[in-house]
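# Observations on chain architecture
Each chain, letter by letter, is given below.
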Amino acid sequence: MDQNALARSENDFPIHGPEGFEGMRKAGELAARCLDMIAGEVKPGVATQYLDDLAYQFVQDHGATSATIGYRGYRHALCISINHVICHGIPSEKPLRDGDIANIDVTVIVDGWHGDTSRMYTVGEPKVKAQRLVDVTYESLWKGIEVVKPGATLREIGRAIQTHAEGQGFSVVRDFCGHGLGRVFHCAPNVVHYEQYKDRMGTIHRAPDVTLREGMFFTIEPMINAGKPDSKMLKDGWTAVTRDRSLSAQFEHSLGVTHDGYEVFTKSPAGLDKPPYSVA
């Protein structure tokens, strides 16, 4: 999510009880099952529009709603971001190619609750560097998740992600972030995936020092680049790409803060949380 699109009051976020956790479990599970279903269809020669059609039908068949269709004019059930696309890639008739890596992002609404998740998919045989980027991005996601508990801070989440990704020679995208969610798609708090960085003017930007509380819901969704962290937006107004055209990868989970840690709502029921996926 574009950081500028979210509320600036980082203390203005909802706190949820048992009803919210139950609602998010159902929404998160359905979103995860949608990505499970797609795993066996991501192959060379397959058009991303075909994958989008499959996801749309899956959501409809399960009595849910796609949160992205109609959202700010967006027309698809999925965002599919290939190779140097960081996020919000638009499905099309262009076929996937052997060696591509792709992030597939889905958000469903079940009984008013939003389940938002994304995974990386490898198409055919990825190159060694591409597979390593995917692996490190997945590890970075979990470095951030494992920080979550009451009393921890958003800055600590960013520190864990940035330390791991940069320690492996990659960079963290700064222009997009995780977000609060629940009965709304996007709300506070902003969940940036860095602790701090210095921009070209020498200004230091730090992650918000917000303390986590039981009942908070949000996504963690680090976007990690093989090259520099800089992004640019294409003319379609949605697709964000790496400015240096280096590869980018992303994983996303929706989670809630529990009394002693966290609950991830969007883990794969089939165990298909990272590629390569073994699909019967």
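Position numbers for residues start from 1 in each chain and track the written sequence from start to end. Since the coordinates come from a predicted model, pLDDT governs what is reported: local features require at least 70, and pairs of side-chain atoms require 80 or more to be given and counted, while whole-chain, interface and lining totals use all residues. To get the side-chain values, take all heavy atoms of the structure and skip hydrogens and water.

## Considering unusual backbone geometry
Negative phi characterises most residues that are not glycine, and trans characterises most peptide bonds. Note the cut-off: Each helix is a run of H or I in the DSSP string that is no shorter than four residues. Each strand is a run of E no shorter than two, and both are numbered from the N terminus.
Note that the residue after Ala 188, namely Pro 189, is joined by a cis bond; omega there is 10°. For the bond from Pro 275 to Pro 276, the omega torsion is 5°, close enough to zero to count as cis. Within the fold, Pro 276 resides in the segment after strand 17 (262-264). Notably, His 88 is not glycine yet its phi reads approximately 65°, a positive angle. Examined against the element boundaries, His 88 turns out to sit in the loop between strand 3 (85-87) and strand 4 (101-110). For Asp 111, which is not a glycine, the phi torsion comes out positive at approximately 50°. Looking at where Asp 111 falls in the secondary structure, it is placed in the loop between strand 4 and strand 5 (113-122).

## Focus on the environment of Arg 174
In plain terms, the rule: Summary of the burial criterion: residues with accessible area below 20% of their type's maximum are buried, those above 50% are exposed, and those between are partly exposed, where the area comes from a 1.4 Å probe applied to protein chains only.
Topologically, Arg 174 is positioned in the loop between strand 6 (171-172) and strand 7 (178-180). With a relative accessible area of 23%, Arg 174 lands in the partly exposed category. Considering only alpha carbons, one finds Arg 174 and Ile 90, 84 residues apart in sequence, at a separation of 21 Å.

## Some points on the sheet that holds strand 14 (residues 240-242)
In plain terms, the rule: We call two strands paired when DSSP finds no fewer than two bridges between them. Every axis corresponds to a line fitted to the C-alpha atoms, with the helix fit spanning only the stretch in contact, and the corresponding angles, defined between N-to-C directions, vary from 0 to 180 degrees.
Strand order in this open sheet of 3 strands is 3-14-13, and the pairing throughout is antiparallel. Looking at strand neighbours, the two that pair on one side only are strand 3 and strand 13 (231-233), the edges of this open sheet. In this sheet, adjacent strand axes meet at a mean angle of 40° when their direction is disregarded. Note that strand 13 and strand 14 share 3 bridges and pair antiparallel. Looking at the pairing, Lys 232 lines up with Val 241 of strand 14.

## So, the nonpolar core
How we decide: To form a nonpolar core, buried Ala, Val, Leu, Ile, Met, Phe, Trp, Tyr and Cys residues must be joined to one another through side-chain atoms within 4.5 Å. Whether two residues are in contact is decided by their heavy atoms, any of which lying within 4.5 Å being enough.
Core analysis: the biggest nonpolar cluster contains 67 residues, and Ile 38, Leu 51, Ile 104, Ile 157, Leu 212, Phe 218 and Ile 220 have the highest contact counts within it. For this core, the element with the highest residue contribution is helix 1 (residues 18-39), accounting for 9 residues. Leu 51 has contacts with Ile 38, Glu 41, Val 42, Val 46, Leu 78, Ile 80, Leu 96 and Ile 104, leaving out every residue within four places of it along the chain. Listed in part, the 6 residues of the second largest apolar core include Ile 86, Cys 87, Val 173 and Ala 240.

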